[in-house]
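Secondary and tertiary structure notes
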Amino acid sequence: MFKDSRKTFSIDQNIALNKPNAIDVIENTQGFPVKVRTKKNNIFLPVLSIIDLWHVYGEWWKNHLNSVNRIYYRLNVDERIITLFKDLNSDDWFVQHD
Amino acid sequence: MIACLLITHFYIKNEFARNPRLKGRPCVVVSEEKNDLVVIDKSSEAANIKLGMSYQSAISIYKDLVVLEADYDMYEDVHHNHMVIMNNICPKVSSDDLGIIMLDITGLEMLYSGMNNLKKVLISSVDKEFNPRLGISDSSFFSYIGALQCPPNGCMEILDNFKLMPEIIPDMLPIKPGNKLKLKELGISNLKQLSNWEMSYLQVQFGIQEGKKIWELSQGIDSNLFRHELIEPSLKKNIDVDEYFSTKQSILLAISYGLDDLLRNPSFRNRSARSISLNFRTVDKQFWRKKINFKEPLFMKSKIMFIISNVLETVEMPGPVERIIIELTGLTNDFGIQKSMFLSSKKRDNLLENIKQLETRLGTKVPIYQVKEIEPCSKIPERRSALTRILP
């Protein structure tokens, strides 16, 4: 969904802020995140706790792949709070700041 | 009516005011002219010394002669102060030379309840040790002659210019030095002797302009118009050191101390300065001057010092400095700065202007963006705001 388009960057183009970045996450059998590989350490760190989670479902009038269907998690990882979401259309994980 | 306030021996009187111990001793003030030190003023005790005499000849006459080097900065300061004082009394003031101040006092006697009171005010406004003399006449030249004739701290009002003619010697005339000598060679010792001459004779001898001038003066006419000067109020501070300032840091420190003094001056209270003049004199007597005009009148030391240090950073001093003169000029009654109501729009205009200039210089578009809200309430974070180019 968020693949690089490989187009040449134009200076006139508007740049979206807070774009999600792909991240590796290990899920348990119930589909909750248990380990997260952060970019900084490049190692899997355990999720200490799930602080919050919410479901965002929008643009349902578009076709299946273009609708927005995400589950957001606010996690405590290595004593830091990060926000991740799982794209339910593609089953990929992304990190995103609020 | 023109009044002339004259201070004779202005240089030596300034030296006495600076160092009263010199009074009663033979003193001369010397100045460098054509690579030679020449006497330009003397005290009454050094009667045998003539003005224009070389320094070596002067010291051979008096063994205990005190020789003082002319300090024109100080003389000009004192003269400027006198001009400011006179300008407070009379709005039309002019000066051609140090120690001579001309005032247009027409109608001023009504403000001071009579001419006698006005004369007293004019004379008493200058320190008594300067022994000012006041001459009053219908023209500048004859009021100057009147001032020359009157006793110290006295006044002479000239009602008939002709009566003065026998007293006016060629040296007093405002003409070229060569023509003064020529008058003497013709056996003319005073202006009365010329009163019967025709203008054409004088024009043949002294040229059309000078001949006419001499003839007019001999007839009691002074055709020179009075041109008054605009006296700009200023505050000055001289900083002298026994050694010298060799680094910019030490110069800045000295300026900082000098500014402290100037800004504490009661006459600067509730005022601001539009510009500052920095005069430097190096050890080898070179002069260097820098005038800095401020964008807006300033009264805060930190802002003034910031500007000075920025200016001094880029200049190269001609040598070690032994004297710094700081002068705050263009004093205004502004105290405080009114802020613009539309500060943000002004800032934006400035920013757009700077970006345009940058693009012109680089010849391409520059990636300078601003954060713009697109859907601030969207549940999807990447939809809420975006970076857009400031320039369309």
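The structure contained in this document is the topic of the report that follows. (Residues numbered from 1 in each chain as written. Chains lettered and ligands numbered in written order. Predicted model: local features only at pLDDT ≥ 70, side-chain atom pairs only at ≥ 80, totals over all residues.)

Residues and elements named next belong to chain B. Spatial strand order, 3-2-4: 3 strands in an open sheet with mixed pairing. Edge positions in the open sheet fall to strand 3 (36–42) and strand 4 (66–69), since each of these has one partner strand only. The sheet shows a mean angle of 40 degrees between the axes of neighbouring strands, taken without regard to direction. As paired strands, strand 2 (residues 27–33) and strand 4 are joined by 4 bridges and run parallel to one another. Counted as the bridge partner of C27 is V66 from strand 4. Packed onto the sheet, helix 1 (residues 10–18) meets strand 2, strand 3 and strand 4 and runs at close to 120 degrees relative to strand 2. (Pairing = 2+ DSSP bridges. Helix = DSSP H or I, 4+ residues; strand = E, 2+ residues; numbered from the N terminus. Axes fitted to C-alpha atoms, helices over the stretch in contact; angles between N-to-C directions. Contact = placed C-beta atoms within 7 Å.)

All names here are of chain B. Remark: helix 1 packs on helix 3 (residues 72–89), axes separated minimally by 10 Å, with the N-to-C direction vectors making an angle of 95 degrees. The orientation of helix 1 with respect to helix 3, classified from their angle, is roughly perpendicular. Here helix 1 contributes F10, Y11 and N14 to the contact with helix 3, which in turn contributes M74, Y75 and V78. Class assignment of the residues belonging to the contact of helix 1 with helix 3 gives a composition of 5 nonpolar, 1 polar and no charged. (Parallel < 35°, antiparallel > 145°, perpendicular 65-115°, else oblique. Nonpolar A, V, L, I, M, F, W, Y, C, P; charged D, E, K, R; others polar.)

Summarising the element assignment, S223(B) is placed in the loop between helix 8 (208–218) and strand 9 (235–245). Considered as a pair, S223(B) and S140(B) are 83 residues apart in the sequence and their alpha carbons are 9.3 Å apart.

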